[in-house]
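Observations on chain architecture
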Amino acid sequence: SSQVSASDPQAATIRPPLRSAMEAPFIDAAAAVANGGPAIDAHRVCSTNQLAGVRVLRPLGVVRGITVRSRNALVSFGAGLKTLVGGEITSMTTLCESAREEAYNRMLENAAQLGATGVVAVRYDTNSVMDGMTEVVAYGLAVTDGTVPSSAHATDAEGGMARDRVCTSNELPNYSAEHRSLGVVQGLTVRSRNFVADIGAGLKGLVGGEILTYTTMCEDARNEAYKRMVAAAVELGADAVVAMRYDTNEINQGVTEVLAYGTAVSSTAGSPGAEWPAAGNGGGGMGVALPGEVVTTVGRLPGLEAQFSLGIVQGITVRSNNFFSKFGAGLKSMVGGEIATWSALCQEARKKAFDRMLTQAKERGARGVVGVRYDCNLILPGQVEVIAYGTAVSTEPPPASGTSAAASSAGASTAAPCVPEHCVTTDVELQGHGAVRSLGTARGLAVHTCTLVRNIGAGFKGLVGGEIRNYLAMCEAARGQAFHRMLEHAADMGATGVVAVRYTSHSLEPGVIEVVAYGTAVANTPGGSVDVANPNLNEDGSLGQGFFSTTNEILGHPMPRSLGIVRGVTVRSRNVLANIGASLGAMFLGGEVGTWTALCETAREEALQRLSRQALNRGAQGVVAMRYETNEIAPGVTEVLAYGTAVTAGPDADPRLFGR
């Protein structure tokens, strides 16, 4: 029978009798491993911040699974032929799915070694190590509903913080409710592979499979970035880091940047309101921008009452190292290891983007920025775009009227705003909006390039280093158009707001970028009744659009039972005619490459439909905490992943299990 300890609030977890693997909140990880079975039940792994069925969890720390894999020579040759006609490359799709599964399983193995019985807030991160070789990382917060092993409380000698005080979720289970934010912290490293490793990897690429040397190198780089992030948090006086994320980018051939970032928090409450800047309209005691303490990767700022959204703010920069730094980095790549000049460049680029985001927030009269995220992209070898974005918030409600978010972001002039600027947020909730139902995931996509003349100018700028304004304008235009199209899509769905907005981008080829903006369309008016036991399906048998969400729930349709992580993957190539036509248009006209935009949209939709079918095969009625990942795995060949947590209302659900 269920037992709840009144004396130990951490033990207040309801545990019904085990009736089946699907219905059990957790399984005994140690016993499962001893019996040769799976360490962690797949239904106990989710991309949401909480695991349905367990009211209180105990954190064990962030766990990772990494693999670097290559295709064999025959697959590469077949893929090369396929690019002549375009379309999906089935053999590569299978290989990419295998790599995702390998990284996922290693994450679970590492979690089981810590004594975990579940993993929450799971994310993927992908990076092209070199043509035909891809790094895939799966990571999340290992949790248990049992006794926490003493090793979880051990303080990292190099980082200075206990392992179980860092999490990928927005809140740390059992952490002080009175905590305060100390600001966003990050750890960054830029590393190269050595010459000998490259030769060995090249030979391994003939037969395909995992490249263990690169896997080890990538694991070391992530570990170093993680330790630097923790050290930065400890320096601020933090005793925990929440909403931790990785961001990876190949900034030159054989040179990879790895960033770990999150929000440093302290369980020692500060003076209420003392640290908050005065509200202003561009001045007003806020200094150059906003103080770091009022910027966070989570959705709320402790101590700031009645937060109202002022819309999404962002800062973008495109920067390059100078010729001499590049030459020195090239020599360093002969022996491998960290490249200090590139690390300094990437730190500078991140800071510039972050500061511009804060300046934009200040201009709107914001009191803070929540839901901060980074996105980065390689424009050309050695020339990197970085964007920092989040949601500006205030204690005062925004004006009732104003420009639409689409017009503001894209510089478009619209006769009537489609979605008000303050009704778009990176947070999972839209404060003050009163959303009552989800309408599905809205998406906007754009592929942009510069003209030949601007590309030449950017190339000359790369000799002296610094910011490259030609590419900055291109990136701003691409992100603005993708954002505008997302809002148009949301408006077509009848939305009054968009929540949990994210960007993802990558370089299709040198000087050409794809940008996707996506989020969950919501409405603050009730709609018609829907029978979630028999949800409306599309003609191809996939879930209807209203049953997908980038948030942790589907508003209006409670689905408290998790069925585990589901994925949809496709690898597609552009055909040779599309490539020629797009290249000619880009050379003389610049701007959007319409043919490639259409091809990329097709790939996204295919990945989403496969995600839907996998969810239905598990008996799901919806997918929450959905995300996209994209990777250019070879010239002209792109992998697109859609993933999330399959959920259902479930039969005979005990309502006591599903307290929110």
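Just above, that's the structure.
Quick caveat: nothing in here was measured; it's all calculated off a predicted structure. (Residues numbered from 1 in each chain as written. Predicted model: local features only at pLDDT ≥ 70, side-chain atom pairs only at ≥ 80, totals over all residues. Heavy atoms only, no water.)

**Points about the nonpolar core**
Ranked by size, the top nonpolar core spans 37 residues in total, and within it Val 424, Phe 483 and Met 486 carry the most contacts. Per-element tally for this core: the top contributor is helix H10 (residues 469–492), with ten residues. (Core = buried A, V, L, I, M, F, W, Y, C linked by side-chain atoms within 4.5 Å. Buried < 20%, exposed > 50% of the residue type's maximum accessible area, 1.4 Å probe, protein only. Helix = DSSP H or I, 4+ residues; strand = E, 2+ residues; numbered from the N terminus.)

**Remarks on unusual backbone geometry**
Look at Ala 500: it is not a glycine, yet its phi comes out positive at around 50°. With respect to the element layout, Ala 500 can be found in strand S15 (residues 497–509). The phi dihedral of Ala 625 falls on the positive side, at around 50°, and the residue is not glycine. Residue classification places Ala 625 among the buried positions, given a relative accessible area of 1%.

**Describing the layout of surface pockets**
Looking at the second largest pocket, its volume works out to about 1100 Å³. Lining the second largest pocket are 50 residues, with Asn 249, Ser 505, His 506, Thr 630 and Asn 631 sitting closest to its centre. Listed by contribution, the elements that provide at least two residues to the lining of the second largest pocket are strand S3 (118–130), strand S7 (240–252), strand S11 (368–380), S15 and strand S19 (622–634). Considering only residue class, the lining of the second largest pocket consists of 21 nonpolar, 15 polar and 14 charged. (1 Å grid on protein atoms, 1.4 Å probe; cavity = no way out; pocket = protein on both sides within 12 Å on 5 of 7 lines; lining within 4 Å. Points joined across faces, edges and corners; volume = space filled by probe spheres on them. Nonpolar A, V, L, I, M, F, W, Y, C, P; charged D, E, K, R; others polar.)

**Notes on the packing of aromatic side chains**
Here the structure, examined in full by the defined rule, presents five aromatic pairs. Relative to Tyr 374, the ring of Tyr 261 lies with its centre 5.0 Å away and its plane at 85°, an arrangement referred to as edge-to-face. Remark: Tyr 374 occurs in strand S11 and Tyr 261 occurs in strand S8 (residues 255–266); sequence separation between them is 113 residues. Note on accessibility: Tyr 261 and Tyr 374 belong to one class, buried. Geometrically, the ring pair formed by Tyr 518 and Tyr 628 is edge-to-face, given 5.0 Å between the ring centres and 85° between the ring planes. Here Tyr 518, found in strand S16 (residues 512–523), pairs with Tyr 628, found in strand S19; they are 110 residues apart in sequence, far enough to count as distant. For Tyr 628, a relative accessible area of 3% puts it in the buried group. Between the NZ or CZ atom of Arg 350 and the centre of the ring of Tyr 374, over which it lies, the distance is 5.0 Å. (Phe/Tyr/Trp six-rings, centres within 6.5 Å; stacked < 30°, edge-to-face > 60°. Lys NZ or Arg CZ within 6 Å of the ring centre and 35° of its normal.)

**Section: the pattern of salt bridges**
The full count for this structure, using the stated rule, is 21 salt bridges. Ionic pairing is found between Arg 479 and Glu 385, a salt bridge with its closest N-O pair at 2.7 Å. Pair noted here: Arg 479 is in helix H10 and Glu 385 is in strand S12 (residues 383–394), with a separation of 94 residues, a long-range link. For the pair formed by Arg 479 and Glu 385, the shared burial category is buried. Because the salt bridges share partners, they merge into one network encompassing Glu 97, Glu 101 and Arg 567. (Salt bridge = Lys/Arg side-chain N within 4 Å of Asp/Glu carboxyl O.)

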